[in-house]
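# Examination of the molecular architecture
For reference, the chains in residue letters:
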Amino acid sequence: MTTDSADAPHSARVPLPSAAPRPTAVAVRPPRGPGRETLPPPRPGRGTRRRTVAPLMAADALATTGTALLVLGTGTAPTALAAMVLGLLLLHRGAGLYRPGPAPLALNDLPALLGRAAVCWCVVAAVLAAADPGQALPPGLLVCAVAAHTLLAFGGRATVYRAHRAAARRRPRATLIVGTDPAARQLAAVLHAHPEYGLRPVGLVTPPSLLPGGPDAPPARGRLPLPRLTSAQEITRAVIQNTVRDAVFTLPPYGDPHTAALLRRFIDQGSAIWLAGAAAAREGRTPHAGTDHLWGFACRRLETAPPRHGGRGKRALDLALAVPALVVAAPLLLGCALAVRLADGPGVLCRQERIGRGGRRFTLLTFRTLRADKGDDADEGDEASTQGDVTDDGRTSGVGRTSEVGGTTSTGGTSGVGRLLRRTALAGLPQLWNVLRGEMSLVGPRPERPRVVQQCTQAHPEYAARHRMPVGITGLAQLHGPRGGASVEDRVRFDNLYIDSWSLWQDIRILLRTVARLVRPEGR
């Protein structure tokens, strides 16, 4: 590859290939237009929940304030009222009273409301007795305060839940059901017949590994005609077309790699995750009394943390380090470019097409390390960060191999200057310009060629999840990968672990370890 070898536009987006072949019978159609094959940017999927939680907190605060004014009188200090309200909200939060199910009932909350009201008023009575024994609450008044508080909170919650069910019936949210037949279709029929749950099924997602007849098996027929989605593209289209914000799993979400990849995909999209039926069991235990249900299907919400993909903090770190690095390394960049030009002829930079965050194509810059007489084809093959096909043992075959920071370890066809640039990792210095442009980060999954991405995504269900984070010059997988060829399974595991556990300090730690490896290549 020469300096003019990359001709794709920077803004182009490519679909992340599916982990399974696309079935023929699919009823979901994508919206037309470029760049719509990838999921929209991750958004917190808690808007629907906030619309229920905020009124619940307001009802509890009003119940606490009203009871305090009735029992203690209108002369109660505002600071004391605020302390009571805050304490009760914290008690309710600890009891899970602000995590309502799909169709919550105030009667299910009544025991918890009674217990927290009793704790709150016992504390108030103890504080009043300690401050002034003459103001101690009599036992009868204390019981009345607990009862009044409980009834007011119960009435407020009943009103909120009634309004919630009415709104859910008017505007049910688009929902994807993950599971296998017949349980998934039975649940879909239940949700379709009972709109008060606020979940409108728009598709059935079946992991390819769980299809009884394989990915190309015809979909099971039922009374409710829903498309069966088995590929990443089909799920993406359904999410975009229907604005999906809920996913219901009828099987354990961590049962196999395909299901775990689906769970990660929905979490990153910001969807609310529900477990129904057998998936709702906690470590094999039977559901407890008062468990939420979807017309007989046990149901509970899977509490998930919002995805952490770096955002502004990661970008700020990249700019804070890349800008000074480019300024300081400017003489070195000029020297390397001059050496390549004098030793190997025209074409100082090598431009390579890579896949970045969300499937976006971009042009990766490196110093050319091959002799000019090798030609474009050899240059493209040997300059690649990962070259060749995915073999049966999960490794990549070919000339070039993944190294810790930029470049490759292959030396076929390289000049003396090229070998020096690779050995010292100076060949990857132009990638700082990619970081400055926002196409890459200093730390992240290693960018790969489109063909390699397609092969690996088809072979490994969790490979596409690597594109949740901007690609990087170095990363956790690069630090733990051997120079002779990194296992795809290892790279997927390390990259997803890095993304799931991302923190700013982790990026700094990886950068420090990378510098240590460059200074002391044999040390670990």
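To be clear, the structure that these remarks concern was listed above.
This write-up is about the structure you can find in this document. (Residues numbered from 1 in each chain as written. Predicted model: local features only at pLDDT ≥ 70, side-chain atom pairs only at ≥ 80, totals over all residues. Heavy atoms only, no water.)

Moving on, we come to the pattern of salt bridges. This model, assessed by the stated rule, comprises 14 salt bridges. Here Asp246 makes a salt bridge to Arg173, at a shortest N to O gap of 2.7 Å. With Asp246 in strand β4 (residues 246–249) and Arg173 in strand β1 (residues 173–178), the pair connects residues that are 73 residues apart, well separated along the chain. Both residues of the pair, Asp246 and Arg173, belong to the buried class. Between Asp490 and Arg493 there is a salt bridge, with the nearest N and O atoms lying 2.4 Å from each other. In this pair, Asp490 and Arg493 both sit in helix α15 (residues 488–500), three residues apart, roughly one turn of the helix. (Salt bridge = Lys/Arg side-chain N within 4 Å of Asp/Glu carboxyl O. Helix = DSSP H or I, 4+ residues; strand = E, 2+ residues; numbered from the N terminus. Buried < 20%, exposed > 50% of the residue type's maximum accessible area, 1.4 Å probe, protein only.)

Moving on, we come to the packing of helix α6 (residues 232–242) against helix α7 (residues 257–269). At a minimum axis distance of 12 Å, the contact between α6 and α7 shows a crossing angle of 30 degrees. In terms of axis orientation, α6 runs roughly parallel to α7. You can see that α6 and α7 cross each other, and the crossing is right-handed. Counting all contacts with α6, which are made through Ala232, Ile235, Thr236 and Val239, the residues of α7 involved are Leu262, Arg265, Phe266 and Gln269. Per-class residue counts for the contact of α6 with α7 are five nonpolar, two polar and one charged. (Axes fitted to C-alpha atoms, helices over the stretch in contact; angles between N-to-C directions. Parallel < 35°, antiparallel > 145°, perpendicular 65-115°, else oblique. Left-handed = near helix turned anticlockwise from the far one by under 90°. Contact = heavy atoms within 4.5 Å. Nonpolar A, V, L, I, M, F, W, Y, C, P; charged D, E, K, R; others polar.)

Right, let's talk about the sheet that holds strand β3 (residues 228–229) for a bit. The strand order across the open sheet formed by seven strands is β3-β2-β1-β4-β5-β7-β6, and the pairing between neighbours is mixed. Taken across any chain shown, the strands that pair with only one partner, and hence form the sheet edges, are β3 and β6 (293–294). With two bridges joining them, β6 and strand β7 (residues 297–301) adopt antiparallel strand pairing. Residue pairing in the sheet places Leu294 in a bridge with Phe297 of β7. Across the sheet, α7 is in contact with β1, β2 (199–205), β4 and β5 (272–276); its angle to β4 comes to roughly 155 degrees. (Pairing = 2+ DSSP bridges.)

With 16 residues, helix α16 (residues 504–519) extends 23 Å between its outermost C-alpha atoms, agreeing within 8% with the 22 Å of an ideal straight helix rising 1.5 Å per residue. Taken together, the buried positions of α16 are Gln506, Asp507, Ile510, Leu511, Thr514 and Arg517. Along the axis of α16, the buried positions cluster into a sector of 140 degrees, meaning they face one direction only. Exposed residues pointing more than 90 degrees away from the buried face of α16 are listed as Trp505, Leu512 and Val519. (Expected span 1.5 Å × (residues − 1). Arc of directions from axis to C-beta.)

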